[in-house]
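What follows is each chain in one-letter form.
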Amino acid sequence: MTTRFIGKPLKRKEDPRLIQGLSHYVDDLNLAGMHYAAFLRSPYAHANIRSVDLSKARRASGVVLALSGTDIDGAIQPVPCAAQIPDMKSGARPVLARDRVRFVGESVAVLVASDRYAARDALDLIEVDYEPLTPIVNPEKAIAKGAAPLHAGQKDNVAFKWELEGGDLKAAFKAADKVIKQRIVNQRVIPVPIETRGVLADYQPGEGQLTVWSSTQIPHLLRTQIASMLNFPETLVHVVAPEVGGGFGTKLNVYPEEAIVAYLAIQLGKPVKWSESRRENFQATIHGRDQIDDLEVAIKRDGTILGLRCRVIADLGAYYQLLTPLIPTLTGLMMTGCYKIPAARMEITGVFTNKMATDAYRGAGRPEATYLIERVMDLVAAELKKGPVEVRRKNFPQPKDFPYATPTGLIYDSGDYQKALDMALKVADYKKLRQEQAKLRKEERYMGIGISTYVEICGMGPSSAMPAGGWESATVRVEPTGRVSVMTGSSPHGQGQETTFAQMGADVLGIDPSQVQVVHGDTSVVPYGIGTFGSRATAVGGTAVYKSLQKVKEKLARIAAHIVGSDPERMVFANRKIFAKQSPKKSVAFGQAVSAAYVAKTLPAEMEPGLEATTFFEPTNFTYPFGTHICVVEIDAETGDVKLVRYVAVDDCGNVINPLLVEGQVQGGIVQSVGQALFEEAVYDEQGQLITGELMDYALPRASDMCWIEAARTVTPTPVNPLGVKGVGEAGTIAATPALAGAVADALAPFGVHHVDMPFKREKIWQVMSKNRRRVQ
Amino acid sequence: MKLAGTASLPAPPAEVWSLLTDPSRLSRLLPGCERLEPDGPERYKATVKFGIAAISGKYAGTLEFAHKKPPNSLILKIDGKGLPGFVKGEGRLELRAKAGDTEIAYNGEAQVGGLIASVGQRMLDAAARKIVHQFFEAAKAELASGKGAASEPSSLGQSHARGK
């Protein structure tokens with residue numbers, strides 16, 4: 001295959017419609033006779049519901065239906081949780097609270113009105129009699145002796161315990177010269193996609209057909225779940241994910257509103273729409289991270305790490321969403337990072353608290369892992385008074401060690417960690433940076449250099465290791481006019497599959513990317529698929545596309561060879577022609593061969609007409625992208641302000657389909673990490689009120705907070721798929737927080753400080769500097 | 001949310017005490033108070049209109065006096081809810097004679113929930129301080145009108161609110 005398009009920085013096919021505002025998100029869709037749903041949400045973090053009085057709301061102008069949790073009892077199953085951990089307790093979230101609310105924002109009632117203002121106004125007429133209960137907000141207090149359990153019939157607030165151990169940990173700690181202990185906190189954050197959630201449902205009683213438009217990353221799984229939750233025939237459920245304006249994992253889920261809006265449409269026989277407000281998005285769409293990690297590291301004096309033990313408290317919130325319990329276990333699997341650590345153990349305690357559920361947020365458990373292990377490397381370096389680069393290099397596996405087996409049971413596919421580190425040091429001019437730092441310190445200016453050498457687990461994944469299928473589907477159909485439709489189960493929400501899959505189609509079939517249309521998100525058009533998450537779209541979804549393209553190409557080669565009288569094996573596809581390699585005059589136009597498949601008069605004997613192929617690709621392993629990020633900050637000693645000075649990102653995601661999109665993914669992820677490191681924190685007060693409840697109180701990074709990201713790549717293809725691609729969607733959030741934390745700790749080293757918990761707000765940094773200045777000087 | 005501070009009123013403690021514990025006069029001091037009716041011993045039903053920026057609305061609830069030690073100290077309990085959320089709190093007021101005036105030290109804590117907590121959080125402290133300020137200003141005016149003459153100049157003491 002000649003690659004005219006794969007590997008080239010093509011501009012995204014999606015962008016013109018997005019930039020011009022011509023795209024259609026759920027809220028842009030309007031149906032005749034459409035009604036609007038609104039949800040009444042609990043202002044209490046923890047309360048018994050004595051009664052819900054809907055009588056006034058039902059009489060309000062425009063209101064056609066109002067329902068409480070009691071009214072729908074039994075009609076809609078609770079929110080599904082696909083993650084299963086042995087002996088985990090029940091934490092199922094009812095779609096509407098019935099007798100108790102367990103977090104601020106939990107829905108208590110729903111109503112439908114003829115317009116959205118009437119619906120909103122009528123919410124004020126619902127009277128709920130709450131009996132406030134003591135909220136449990138702090139996860140450590142939640143599992144302390146005597147804490148009342150959130151869920152009836154349970155003895156405490158421990159949702160599950162999960163353990164993973166590999167290697168001889170006892171021996172490691174026995175052989176250690178030193179043991180370092182540290183507690184680190186990975187704070188709760190709110191993902192904040194630009195488009196909030198939204199659902200539109202339409203029911204045709206004659207046909208019995210239910211159509212649900214939802215802003216989701218997983219249209220097929222949602223279809224199955226809606227059918228299950230409503231006990232409705234799956235064959236009559238049609239789910240569409242139209243344009244989706246970002247998800248970051250929040251839309252890799254099934255929410256009460258998706259089932260309830262569908263239910264309301266069925267009950268009313270009218271289309272019903274619900275659009276999530278930003279405030280609802282903050283309170284009632286999944287949050288991310290929220291782990292407390294207590295670390296113990298066994299080390300040798302030369303910097304060799306012998307063993308790592310980590311006790312994790314994972315704050316799950318009040319209920320399980322789709323993957324809630326699974327997320328911290330990914331931290332366990334990746335806890336040894338890109339280092340040869342022979343023994344490791346993680347003990348996770350999943351805890352119920354009166355908060356919104358945590359679940360998959362860009363990186364999902366792995367940013368927590370890199371944060372943990374990279375903080376360890378820096379602490380080891382500080383303890384031994386060695387450089388952070390030296391300690392990392394000392395513990396890297398060598399390229400010859402791949403495939404490399406970790407003590408946590410994973411097999412890293414391929415890697416050359418030294419190469420990425422060397423390139424990053426070169427791009428950053430590390431030596432010079434250190435000289436500059438020394439010079440500035442003399443002037444009492446506090447520059448810090450942070451290094452993160454990371455590996456992530458991506459391309460999710462083999463089905464054996466996934467809660468609900470790790471494969472992906474693709475159908476390629478060459479239409480009679482010669483245009484190519486690619487139907488992918490990997491439903492994008494900003495990743496650009498319409499571009500990258502078209503590049504692949506163009507190169508495999510020797511045509512132009514403009515001839516290739518990528519179709520996604522519609523369960524009636526696209527074969528059953530899994531969805532876009534876990535940096536899997538290209539590695540798994542793309543491979544399915546590639547394999548289907550190969551199948552179609554093979555058939556076209558046979559047709560073309562039959563027409564020109566040549567050997568199918570020798571046919572070449574280029575410039576919209578199919579010709580014999582040795583004698584290019586034996587050629588047919590691409591369109592002619594396609595036409596032959598449909599007209600079906602000149603096909604080889606026994607060949608079926610048509611030009612369509614479907615693949616369900618099952619990968620044999622995850623992929624393990626890696627790289628090195630270097631961050632330079634300067635801290636203002638007067639104000640505690642952390643300013644980003646430089647950021648170097650060297651990522652290795654294997655082969656690359658479109659470097660422009662790879663860079664975009666890396667940039668976006670790094671910016672989100674800068675958000676978590678410097679500003680973001682979901683704060684619940686002691687009463688369980690989310691006091692960072694909107695964008696005025698929850699600080700997201702802005703363009704002016706960033707510096708230019710100097711991005712470079714090394715290329716180490718994976719043997720796991722024929723494209724050699726690994727995935728890059730989460731690299732930024734996985735790699736960057738430890739680089740920022742390392743830089744801040746490094747800047748604060750003259751103050752005798754080696755670890756500060758995120759976010760590095762001015763106030764906190766100023767306090768650290770003020771408190772420790774005297775001690776050191 | 002915690003709220004503590006001092007204020008000075010231009011009247012002796014006995015007079016201030018009678019002002020603060022007389023519901024008909026107290027209702028005039030509470031900013032936005034539309035109704036204050038007896039609801040049992042030392043307990044009143046109250047309707048208060050209150051707003052922070054765009055988040056305004058009526059709160060219905062109760063106001064209760066406890067541990068009354070005339071004219072030295074009392075505890076004031078409030079419990080109200082309305083469309084913008086709920087407020088539940090309790091505060092201790094101590095009255096002390098000081099050169100013919102009364103110095104009031106107040107110290108209280110309130111739980112605020114719902115919309116007002118999630119959206120109005122950063123303005124809550126300032127709004128609470130403003131309400132306290134308005135309350136004591138109204139008390140001064142009430143005392144002045146009760147005397148039928150302008151009182152001596154008085155000033156609000158240092159007050160501070162602290163979010164928690």
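The rules behind the values
- As a convention, each chain's residues are numbered from 1 in the sequence order in which they are written.
- Throughout, the order in which chains and ligands are written sets their labels, letters from A for the former and numbers from 1 for the latter.
- Only residues with pLDDT of 70 or above have their local features reported here, since the model is predicted, and side-chain atom pairs are shown and tallied only from 80 upward, although totals for entire chains, interfaces and linings are computed over all residues.
- Note that water and hydrogens are dropped before the side-chain values are worked out from all heavy atoms of the structure.
- Helix and strand assignments follow DSSP, with helices taken as H or I runs no shorter than four residues and strands as E runs no shorter than two, numbered in order from the N terminus.
- The buried label applies to any residue whose accessible area, calculated with a 1.4 Å probe on protein chains only, is under 20% of its type's maximum; exposed applies above 50%, and partly exposed to all values in between.
- For this analysis, residues touch if any pair of their heavy atoms sits within 4.5 Å.
- Using a 1.4 Å probe, accessible areas were evaluated by the Shrake-Rupley method; residue-level cover was limited to the displayed protein chains.
- The term buried area refers to how much accessible surface (probe radius 1.4 Å) is lost by two components on association, counted for both of them together.
- The term salt bridge refers to a side-chain nitrogen of Lys or Arg lying within 4 Å of a carboxyl oxygen of Asp or Glu.
- Polar contacts, as counted here, are pairs of nitrogen or oxygen atoms within 3.5 Å of one another; within protein the pair requires one atom able to donate a hydrogen and one able to accept it, and residues that are adjacent in sequence qualify only if both atoms are side-chain atoms.
- Each residue is assigned to one class: nonpolar for Ala, Val, Leu, Ile, Met, Phe, Trp, Tyr, Cys and Pro, charged for Asp, Glu, Lys and Arg, and polar for all the others, Gly among them.
- We treat two strands as partners when DSSP finds at least two bridges between them.
- Whether a crossover is right-handed depends on one test, that the path from the first strand over the helix to the second runs clockwise when the strands point away from the viewer.
- Axis lines are fitted to C-alpha atoms, over the contacting stretch for helices. Their N-to-C directions set the angle, which ranges from 0 to 180 degrees.
- In this scheme, a crossing is called left-handed if the near helix is turned counterclockwise away from the far one by less than a right angle; it is called right-handed if the turn is clockwise.
- Aromatic rings from Phe, Tyr and Trp, with only the six-membered ring used for Trp, were paired whenever their centres fell within 6.5 Å, and each pair was classed as stacked if the ring planes differed by under 30 degrees, edge-to-face if by over 60, and tilted otherwise.
- Here, over-ring charges are defined by two tests on the NZ atom of lysine or the CZ atom of arginine: distance to the ring centre within 6 Å, and angle to the ring normal within 35 degrees.

Asks: Explain the overall build of chain B residue by residue, including any values.
Replies: Across its full length, chain B carries three helices and eight strands. Each helix and strand of chain B, ordered N terminal to C terminal, gives the series β-α-α-β-β-β-β-β-β-α-β. Out of the 164 residues belonging to chain B, those deemed buried represent 46%. The contacts of chain B with a sequence gap of at least 6 include a subset with a gap of at least 24, amounting to 53%. Split by element, the accessible area of chain B, about 8,200 Å² in all, is 54% carbon and sulfur.

Asks: Just give me the short version of the interface of chain A and chain B, but keep the residues and values in it.
Replies: Contacts between chain A and chain B engage 17 residues on the former and 14 residues on the latter. In total, about 1,400 Å² of surface goes out of reach between chain A and chain B, with carbon and sulfur atoms giving 51% of it. Our count for the contact surface shared by chain A and chain B stands at zero salt bridges. The interface formed by chain A and chain B includes one residue pair in polar contact (both at pLDDT 80 or more). Of the residues assigned to the side of chain A that touches chain B, the class counts are seven nonpolar, four polar and six charged.

Asks: Which residues make up the side chain of Thr692 of chain A, and what are the values?
Replies: Residue and element names in this part refer to chain A. Tracing the chain through its elements places Thr692 in the loop between α17 (659-679) and β28 (709-713). Here the side chain of Thr692 touches Val683 through a polar contact of 2.9 Å, landing on its backbone nitrogen. Once you skip the residues sitting within four places of it in the chain, Thr692 turns out to touch Ile190, Phe282, Glu681, Ala682, Val683, Asp697 and Tyr698.

Asks: Lay out the pairing of strand β21 (residues 516-520) of chain A with the relevant residues and their values.
Replies: Residues and elements named next belong to chain A. Side chains Val516, Val518 and His520 of β21 all project onto a buried face; the interleaved residues Gln517 and Val519 project onto a face where none is buried. Of the strand pairs in this sheet, strand β20 (residues 484-488) and β21 are connected by five bridges, and their pairing is parallel. Within β21, the residue paired with Val486 across the bridge is Val518. This β-α-β element, β20 to helix α14 (residues 497-509) to β21, shows right-handed connectivity.

Asks: Explain the packing of helix α9 (residues 326-333) of chain A against helix α10 (residues 366-384) of chain A to me, and be specific about the residues and the numbers.
Replies: Residues and elements named next belong to chain A. Where α9 contacts α10, the two axes come as close as 7 Å, and the packing angle between them is 35°. The handedness of the crossing between α9 and α10 comes out as right-handed. Contacts from Ile327, Leu330 and Thr331 in α9 reach Arg366, Glu368, Ala369 and Leu372 in α10. Residue composition of the contact of α9 with α10, grouped by class: four nonpolar, one polar and two charged.

Asks: Can you explain the packing of aromatic side chains? Please cite residues and give values.
Replies: Residue and element names in this part refer to chain A. Under the counting rule described, the total for this entry stands at 21 aromatic pairs over all chains. Clustering of aromatic rings is evident, with ring pairs tying together Tyr339, Phe396, Phe402, Tyr404, Tyr412, Tyr417, Tyr624 and Phe626. Lying over the aromatic face of Tyr255, Arg197 brings its terminal NZ or CZ to 3.6 Å of the ring centre. Arg536 extends its terminal NZ or CZ atom over the ring of Phe533, reaching a point 5.1 Å from the ring centre.

Asks: Now, about the environment of Leu264 of chain A: what can you tell me, with residues and values included?
Replies: Residues and elements named next belong to chain A. Positionally, Leu264 belongs in helix α7 (residues 256-268). Spatially, the C-alpha atoms of Leu264 and His562 are 57 Å apart, while their sequence positions differ by 298 residues. The contacts of Leu264, once residues within four sequence positions are left out, are Ala37, Leu65, Leu67, Val110, Val112 and Val272.

Asks: Could you give me a rundown of the sheet that holds strand β26 (residues 626-635) of chain A, with the residues and numbers involved?
Replies: Residues and elements named next belong to chain A. One open sheet accounts for four strands, arranged β18-β26-β27-β28; its pairing is mixed. Since the sheet does not close on itself, it has two edges, and those belong to β18 (446-455) and β28, each with one partner. Taking the axes of each pair of neighbouring strands and ignoring which way they run, one obtains an average angle of 10° across the sheet. Sheet analysis places strand β27 (residues 642-652) next to β28, joined by five bridges and oriented parallel. Its bridge partner being in β28, Asp651 is matched across the sheet by Arg713. Its contacts with the sheet put helix α18 (residues 731-747) on β18, β26 and β27, and the angle it makes with β18 is roughly 150°.

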